[in-house]
Amino acid sequence: MKVVIRNNSAEGSIWAAHYIAEKINAKAKVTDKPFVIGLCTGSTPIETYAELIRMVKAGEVSFKNVISFNMDEYVGLPESHPESYHSFMHKYLFDQIDEKPENIHILNGNAKDPVAECEAYEKAIVDAGGFDLFLGGVGEDGHIAFNEPFSSLQSRTRVVTLTYDTRVVNARFFDNDFNKVPAQAMTVGVATVLSAKEVVILAFGHKKARAIKDAIEGPMSHYCTLSGLQGHPAGTIVCDELSVGELKVNSYRYFKAVEEAENL
């Protein structure tokens, strides 16, 4: 596992955007096969998306040969709802870049057969060639996507019931009304995320400090589903100084030393 530590979320977000663009451009130089990326929602990736938009408009990267799959969507929320992840992605990314509409994939939270929808989504990822890179965030309890604590590390795309804590945290997007937050969601599984060739997780702010400590220094456990990244050959967590506040001093020094050595 690699941990990139920046002074603040703005610096971390820009690092992530440039890293993604570098990977897209690198693949484009050697093959005409599309770059397949997993994408997340929430407040954490907004600055990364903003930098990617700037880079697309500046001609520094193109999404014309990129296929994307979003990690989750609420069940029963209309796609037109301002808090649906369909709306979020179009507002903060898709409507401002050159990705082809047919290459955009987001789970249908209103599918008549939710189980079939999840199975088809998982198959579509495989048919696209699998993820070159998966960009994700992490919840305060260490969950990735909507894989709440005690989700199997072998889980795949499925319907899940959201925990009380997750609904409370997300209530800020629903007029601070817990009851307006959908009780279920569709989500890619932990194993779906970890099947990517590379995984990049964004974690900013002091509220993520406990999750980062558990994921990096704790055991690999379904209690903290992000900890599954410990077994990945190319997993990176991009943090700011606040989110690494609970790491041991020697852990912090190790990751800073590794990056310093790589940049010599």
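Structure shown above.
Below, the structure is looked at part by part.

Criteria and thresholds
- Residues numbered from 1 in each chain as written.
- Predicted model: local features only at pLDDT ≥ 70, side-chain atom pairs only at ≥ 80, totals over all residues.
- Heavy atoms only, no water.
- Helix = DSSP H or I, 4+ residues; strand = E, 2+ residues; numbered from the N terminus.
- Buried < 20%, exposed > 50% of the residue type's maximum accessible area, 1.4 Å probe, protein only.
- Contact = heavy atoms within 4.5 Å.
- Pairing = 2+ DSSP bridges.
- 1 Å grid on protein atoms, 1.4 Å probe; cavity = no way out; pocket = protein on both sides within 12 Å on 5 of 7 lines; lining within 4 Å.
- Points joined across faces, edges and corners; volume = space filled by probe spheres on them.

### Comments concerning the environment of Phe-255
Structurally, Phe-255 is set in helix α8 (residues 249-262). In this structure Phe-255 comes out as buried when scored by relative accessible area, which is 10%. When the C-alpha atoms of Phe-255 and Met-1 are compared, they prove to be 9.6 Å apart, with 254 residues separating the residues in sequence. Among all residues touching Phe-255, those that are not within four sequence positions of it are Met-1, Val-3, Ile-5 and Ile-216.

### Structural notes on the sheet that holds strand β2 (residues 35-39)
Taken together, the seven strands give an open sheet; going across it, the order is β1-β10-β9-β6-β2-β3-β5, and neighbouring strands pair in parallel fashion. The open sheet terminates on both sides in strands that have one partner only, identified here as β1 (2-6) and β5 (104-105).

### Some words on the layout of surface pockets
What the largest pocket holds in volume is close to 960 Å³. Lining the largest pocket are 38 residues; nearest its centre among them are Gly-42, Ser-43, Asn-170, Arg-172 and Phe-173. Contributions of two or more residues to the lining of the largest pocket are made by α2 (46-57), β4 (72-74), α3 (85-92) and α5 (164-170). Here the lining of the largest pocket takes five residues from α3, the largest share from any one element.

### Quick notes on unusual backbone geometry
A positive phi angle, near 80 degrees, is found at Phe-150, a position not held by glycine. Tracing the backbone through its elements, the reader meets Phe-150 in the loop between β6 (133-137) and β7 (158-161). Even without being a glycine, Asp-175 presents a positive backbone phi close to 60 degrees. Mapped onto the secondary structure, Asp-175 falls in the loop between α5 and β8 (184-187).

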